[in-house]
Amino acid sequence: QVQLVESGGGLVQAGGSLRLSCAASGRTFSSYAMGWFRQAPGKEREFVAAIMRDGEGTYYADSVKGRFTISRDNAKNMAYLQMNSLEPEDTDVYYCAATSRRALSAQRQNYNYWGQGTQVTVSS
């Protein structure tokens, strides 16, 4: 069992930046690949980004490629999502997730553990 807690969400103007953090506890953090997902009201949770256990490989949804950067610090049991050039369409609840799978995954059913989410609102 791994517990995940997101933080860093808030209100930001279009074109601005936010950095989301995900703190993990309960198991060895480096054993898990990490992902970020987001969900708007009435819509399904969608993939944003993923990072391998050692941080060497990353994968991004086309909608955020070039604007968002996923990273991790295994010594601190932390994962991050740096969001730049934010747009109103990025307004969502953002979730971090963990999986024991070796391969990166953009499918939410492959993730075993989820945080409670943090709200990101981008105003125009």
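Conventions used here
Residues numbered from 1 in each chain as written. Predicted model: local features only at pLDDT ≥ 70, side-chain atom pairs only at ≥ 80, totals over all residues. Heavy atoms only, no water. Core = buried A, V, L, I, M, F, W, Y, C linked by side-chain atoms within 4.5 Å. Buried < 20%, exposed > 50% of the residue type's maximum accessible area, 1.4 Å probe, protein only. Helix = DSSP H or I, 4+ residues; strand = E, 2+ residues; numbered from the N terminus. Contact = heavy atoms within 4.5 Å.

Looking at soluble globular proteins, one finds that nonpolar side chains tend to be buried together. Ranked by size, the top nonpolar core spans 34 residues in total, and within it Leu4, Leu81 and Met83 carry the most contacts. Elements with a minimum of two residues in this core: strand E3 (18-25), strand E4 (33-39), strand E5 (46-51), strand E7 (68-73), strand E8 (78-83), strand E9 (92-99) and strand E11 (118-123). No other element matches E5, which puts five residues into this core. Among all residues touching leucine 4, those that are not within four sequence positions of it are Cys22, Ala23, Ala24, Met34, Cys96, Ala97, Ala98, Tyr113, Trp114, Gly115 and Gln116.

Mapped onto the elements, alanine 79 comes out in strand E8. A relative accessible area of 1% means that alanine 79 is categorised as buried. Residues alanine 79 and glycine 55, 24 residues apart in the sequence, show an inter-C-alpha distance of 9.8 Å. The residues touching alanine 79, leaving out its near neighbours within four places in the chain, are Leu20, Ser21, Cys22, Phe29, Met34, Trp36, Ser71 and Arg72.

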